[in-house]
Amino acid sequence: MTGSPLLLIDVDGPLNPYAAPDSRCPEGYGTHRLLPESWVARHAPQPREQVEPLRVWLNPAHGPELLSLPYELVWATTWMDEANTFIGPRLGLPELPYVRWTDLFGEGGEDPDGLHWKTRDLVAWAAGRPFVWLDDELGPQDIEWIAAHHPAEALPLWVDPRAGLRDLHFAALREWAEDAEC
Ligand SMILES: [Mg+2]
């Protein structure tokens, strides 16, 4: 649907509540042990067979819930295109566009305005379209900067990595999309 707001989705935190209490798989989630190539590459020169897979918790209800929202879904995650291989199919999501980062993990150094390393890329990628950004790492400085530099409506929405996406987030997303239409 042209004209829908964008929903920029982080994986680790919102979809994978990696910080859940007692390191227990939260109710409704399944445990996946995943070995994406980007993870293997970060361990170079360690051979692939010796790299510990990532433990990822995913809730299969999240895919249909996200698809039912009046948004265009976009991956905004360190998984980049690997979210389409490893995450989307496990949630029943189709292939989605993804944001390619200019400074993955902020390894190029501290942002001059103290922004998260995703923030400038996301605003550039949105190119003036309304968006909601779901992430467990965004902070007040990102919210302020987006309000000052993005010409359309935007809602950076922090998600607790101990709990992941919850009903309240889906309700907030529906409400925001309705308001954004006015
Ligand atoms: Mg995250």
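In case you missed it, the structure is sitting above this.
It should be emphasised that the depicted structure is a prediction, and the values quoted were computed from it without experimental measurement. (Residues numbered from 1 in each chain as written. Predicted model: local features only at pLDDT ≥ 70, side-chain atom pairs only at ≥ 80, totals over all residues. Heavy atoms only, no water.)

Peer 1: How should I be thinking about the overall build of the protein chain in this particular structure?
Peer 2: When helices and strands are counted, the protein chain shows six helices and six strands. Listed by position from the N terminus, the elements making up the protein chain come as β-β-α-β-α-β-α-α-β-α-β-α. The globule rule puts the C-alpha radius of gyration for 182 residues at 16 Å, and the 16 Å found for the protein chain is close to it. For the C-alpha atoms alone, the extent of the protein chain along its principal axes is close to 55 × 40 × 30 Å. By residue count, 46% of the 182 residues in the protein chain fall in the buried class. In the protein chain, the proportion of contacts linking residues at least 24 apart, taken out of those at least 6 apart, comes to 64%. When the accessible surface of the protein chain is split by element, carbon and sulfur atoms take 51% of a total near 9400 Å². Averaging the positions of the 13 positive and the 30 negative side-chain charges in the protein chain gives two centres separated by 7 Å. (Helix = DSSP H or I, 4+ residues; strand = E, 2+ residues; numbered from the N terminus. Rg over C-alpha atoms; globule rule 2.2 N^0.38 Å. Buried < 20%, exposed > 50% of the residue type's maximum accessible area, 1.4 Å probe, protein only. Contact = heavy atoms within 4.5 Å. Areas by Shrake-Rupley, 256 points an atom, 1.4 Å probe, with all protein chains shown as cover. Lys, Arg positive; Asp, Glu negative; His and termini not counted. Charge placed at Lys NZ, Arg CZ, Asp CG, Glu CD.)

Peer 1: Any chance you could explain the coordination of the magnesium ion here in plain terms?
Peer 2: Ideal geometry at a metal centre: 109.5 degrees between donors when four sit tetrahedrally, and 90 or 180 degrees when six sit octahedrally. Binding of the magnesium ion to the protein goes through Asp 10 (OD), Asp 12 (O) and Asp 136 (OD), at separations of 2.1 Å. Mapped onto the sequence, the residues coordinating the magnesium ion show the spacing D-x1-D-x123-D. One end of the pair, Asp 10, is in the loop between strand E1 (6-9) and strand E2 (30-34); the other, Asp 136, is in the loop between strand E5 (131-135) and helix H5 (140-149), with 126 residues separating them in the sequence. On the basis of relative accessible area, Asp 10 is assigned to the buried category, the value being 5%. (Donors = N, O, S within 2.8 Å, 3.2 Å for Na, K, Ca; no water.)

Peer 1: Looking at this structure, I do not really get the pattern of salt bridges. What am I missing?
Peer 2: Pairs may arise between side chains of opposite charge once their charged atoms sit close together. On inspection of all chains with the given rule, the structure shows eight salt bridges. In this structure, Glu 37 and Arg 48 form a salt bridge, with 2.4 Å as the shortest nitrogen-oxygen distance. In this pair, Glu 37 sits in helix H1 (residues 37-42) while Arg 48 sits in the loop between H1 and strand E3 (54-58), placing the two residues eleven residues apart along the sequence. Classification of Glu 37 as partly exposed rests on a relative accessible area of 47%. (Salt bridge = Lys/Arg side-chain N within 4 Å of Asp/Glu carboxyl O.)

Peer 1: When you look at the pairing of E1 in this model, what are you seeing that I'm missing?
Peer 2: Looking along a regular strand, one sees side chains alternate from face to face of the sheet. Residues of E1 alternate between two faces, with Leu 6 and Leu 8 on one and Leu 7 and Ile 9 on the opposite face, all of them buried. Where E1 and strand E4 (residues 72-75) come together, four bridges link them in parallel fashion. Within E4, the residue paired with Leu 7 across the bridge is Leu 73. One ladder, built from four bridges, connects E1 with E5; its direction is parallel. If you follow Leu 6 over to E5, its bridge partner there is Phe 131. (Pairing = 2+ DSSP bridges.)

Peer 1: What is the right way to read helix H3 (residues 82-91) from this model?
Peer 2: Residue pairs three or four apart in sequence face the same way in an α-helix, which turns once every 3.6 residues. With respect to burial, H3 is a largely interior element, seven of its ten residues being buried. Listed as buried for H3 are Glu 82, Ala 83, Asn 84, Phe 86, Ile 87, Gly 88 and Leu 91. At the exit of H3 stands Gly 92, carrying a positive phi of roughly 80 degrees.

Peer 1: Is there a simple way to think about unusual backbone geometry in this case?
Peer 2: A negative phi holds for most residues other than glycine; trans holds for most peptide bonds. With an omega dihedral of 5 degrees, the bond running from Ala 44 to Pro 45 counts as a cis peptide bond. With respect to the helices, strands and loops of the structure, Pro 45 is situated in the loop between H1 and E3. Positioned with a positive phi, Ser 23 is a non-glycine residue whose angle comes to about 50 degrees. One can find Ser 23 in the loop between E1 and E2. With relative accessibility at 55%, the residue Ser 23 sits in the exposed group.

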